Amino acid sequence: MLNSARLLVLLEIARRGTIVAAAQALHLSPSAVSHQLARLEQELGVALVERQPQSLRLTPAGVRLAEHAQAIADLMAVAQDDLRAHSEGTAGVLRLGFFASAGLDLLPRALTAFSARHPQVELELIMGQPHELLPDLEAGRLDAAVVFEHPLDPWIRQAGRQGVAEVELYFDEPQLVIVPLRHRLGRRTLVRLAELDGESWIGTHGGSTGEPVLERACAAEGFRPRVRCRSDHYQVTINLARAGMGVALIPALGLADSAGVHVCRLDHPQLHRRIGVATRATNRNPAVRAFLTELRAAAGEVRSLLELQWS
């Protein structure tokens, strides 16, 4: 196999025209350059230079090999620049997971700023529930995942004990009650969950445990909700409530369109979501750090908006 260092020696000889000039360019002694050239000719079994008293000239084989050496030098320079960009986080691939309602405002805020500063980083976005995204994060198929946790359905402490996923929490997102406009609670701004006993509900399918948070919360209040329909798509839930099909719990991030329904704050200490990001401590992708900087800033903006609207 050809030695790349010796090829670069030949390339400098072709550029400079003499052993002495090539040695100066390579910061080597003339004897070291002559030795490398002789070794290269020996390995190839062909003369690469025609030596003359005051100069040397490349043979046709030497010219051809110098052309190959130039192509190799160009490729090495491209590789070096590419890897430098990867090491600085200005290029590469960033694979992100996120839950659906984070994709309405929080994640787009972060990605707008991130992409403006790192346009060469390729983004791969995967949507799913936290319990669906965590295995991909732990297996290295994701670099980070925007996640949530319900106090009534905790998983973060269990994930932390496994020593793979680390979760950084940003803010608490309130759960809101959605009722039709003509509902008996349609003029209220704050309700208790027990006041909704006997209502028809539009519920969700539940998280990793399979038992939806609504059922857990209602059980603690002493009743079982009558669930007419289940959907994890919040706009579908809002549309059904608008049609008078029932009441629902909607996280604040999922409230994109509240026209035709009434929104009440919920007086309950455990009905909220903790929003954050899960990463791997062993992940050395530098683009992750840059993304987390933008995500923290976006989370601060969203938290302020939620506090202003629902405090």
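Higher on the page you've got the structure.
One structure accompanies this document, and this report is about it. (Residues numbered from 1 in each chain as written. Predicted model: local features only at pLDDT ≥ 70, side-chain atom pairs only at ≥ 80, totals over all residues. Heavy atoms only, no water.)

Notes on the packing of aromatic side chains
All told, the structure shown has two aromatic pairs when counted by the stated rule. Note on Phe-99 and Phe-148: the rings are 4.9 Å apart at their centroids and 85° apart in plane angle, and the pair reads as edge-to-face. Of this pair, Phe-99 sits in the loop between β3 (91-98) and α5 (106-117) while Phe-148 sits in strand β5 (residues 144-149), placing them 49 residues apart in sequence. The same class applies to Phe-99 as to Phe-148, namely buried. Ring centres of Phe-114 and Phe-291 lie 6.2 Å apart, and the angle between their planes is 85°; this geometry places the pair in the edge-to-face category. Of this pair, Phe-114 sits in helix α5 while Phe-291 sits in helix α10 (residues 286-310); the two residues are 177 residues apart in sequence, bridging distant segments of the chain. Here Phe-291 falls in the buried class, since its relative accessible area comes to 1%. (Phe/Tyr/Trp six-rings, centres within 6.5 Å; stacked < 30°, edge-to-face > 60°. Helix = DSSP H or I, 4+ residues; strand = E, 2+ residues; numbered from the N terminus. Buried < 20%, exposed > 50% of the residue type's maximum accessible area, 1.4 Å probe, protein only.)

Notes on the pairing of strand β12 (residues 272-280)
Regular strands place their side chains on alternate faces of the sheet. Burial analysis of β12 places eight of its nine residues in the buried class, the great majority of the element. Sheet topology note: the β5/β12 ladder contains six bridges and is antiparallel. By the bridge assignment, Ala-144 is partnered in β12 with Thr-279. By the bridge criterion, nine bridges tie strand β6 (residues 165-180) to β12 in an arrangement that is antiparallel. (Pairing = 2+ DSSP bridges.)

Description of helix α2 (residues 19-26)
Residues Ile-19, Ala-22 and Ala-23 constitute the buried set of α2. Buried residues along α2 cover an arc of 100° about the axis, so they all sit on one side. Residues of α2 that are buried sit in contact with α1 (4-16), α3 (30-44) and β2 (56-58). Where α2 begins, the capping side chain belongs to Thr-18, and its oxygen is found 3.0 Å from the backbone nitrogen of Ala-21. (Arc of directions from axis to C-beta. Contact = heavy atoms within 4.5 Å. Polar contact = N/O pair within 3.5 Å; in protein donor to acceptor, adjacent residues only side chain to side chain.)

Notes on the packing of α1 against α3
Packing of α1 against α3 leaves a shortest axis separation of 9 Å and a crossing angle of 115°. One finds that α1 runs roughly perpendicular with respect to α3. In the packing of α1 onto α3, the handedness of the crossing is left-handed. Between α1, through Arg-6, Leu-7, Val-9, Leu-10 and Ile-13, and α3, the contact on the second element is made entirely by Val-33, Gln-36, Leu-37, Arg-39, Leu-40 and Glu-43. (Axes fitted to C-alpha atoms, helices over the stretch in contact; angles between N-to-C directions. Parallel < 35°, antiparallel > 145°, perpendicular 65-115°, else oblique. Left-handed = near helix turned anticlockwise from the far one by under 90°.)

Some remarks on unusual backbone geometry
Even without being a glycine, His-27 presents a positive backbone phi close to 60°. With respect to the element layout, His-27 can be found in the loop between α2 and α3. Residue class for His-27 comes out exposed when judged on its relative accessible area of 73%.

Some thoughts on the pairing of β6
Pairing between β6 and strand β10 (residues 248-251): four bridges, direction antiparallel. Counterpart to Gln-175 in the pairing with β10 is Pro-251. Of the pairings in the sheet, the one linking β6 to strand β11 (residues 261-266) comprises five bridges and is antiparallel in character. Each residue of the ladder has a partner; that of Val-177, found in β11, is Cys-264.

Topic: a nonpolar patch on the surface
Where nonpolar side chains cluster on the molecular surface, the patch consists of Leu-2, Leu-44 and Val-46 and spans about 200 Å² of accessible area. Structurally, Val-46 can be placed in the loop between α3 and β1 (49-51). (Patch = residues over 30% accessible without salt bridge, like charges linked within 9 Å, V, L, I, M, F, W, Y side chains within 5 Å. Areas by Shrake-Rupley, 256 points an atom, 1.4 Å probe, with all protein chains shown as cover. Salt bridge = Lys/Arg side-chain N within 4 Å of Asp/Glu carboxyl O.)

Examining the packing of α1 against α2
Across the interface, α1 lies against α2 with an axial gap of 8 Å and an inter-helix angle of 120°. Taken together, the axis directions place α1 and α2 in an arrangement best described as oblique. The way α1 lies across α2 gives a crossing that is right-handed. Here α1 contributes Val-9, Glu-12, Ile-13 and Arg-16 to the contact with α2, which in turn contributes Ile-19, Ala-21, Ala-22, Ala-25 and Leu-26. Broken down by class, the residue content of the contact of α1 with α2 amounts to seven nonpolar, no polar and two charged. (Nonpolar A, V, L, I, M, F, W, Y, C, P; charged D, E, K, R; others polar.)

Here we look at helix α8 (residues 213-220)
The complete set of buried residues in α8 reads Val-213, Leu-214, Glu-215, Ala-217 and Cys-218. Summarising the contacts, the buried residues of α8 are in contact with β8 (200-203), β9 (226-230) and β10. Where α8 terminates, the next one or two residues include Gly-222, which has phi positive at roughly 90°.

A short note on the environment of Tyr-170
Inspection of the secondary structure puts Tyr-170 in strand β6. Measuring from C-alpha to C-alpha, the distance between Tyr-170 and Gly-300 comes to 7.6 Å, with 130 residues separating the pair along the chain. Those residues in contact with Tyr-170 that sit more than four places away from it in its chain are Ile-275, Gly-276, Val-277, Leu-292, Leu-295, Arg-296, Ala-299 and Arg-303.

Here we look at the side chain of Ser-101
Mapped onto the fold, Ser-101 is located in the loop between β3 and α5. On the accessibility criterion, Ser-101 (5% relative accessible area) is buried. Within the structure, Ser-101 has its side chain in polar contact with the side chain of Arg-273 (distance 2.8 Å). If near-sequence neighbours (up to four positions away) are discounted, Ser-101 is found in contact with Tyr-234, Leu-253, Gly-254 and Arg-273.

That is the geometry; function is a separate question.
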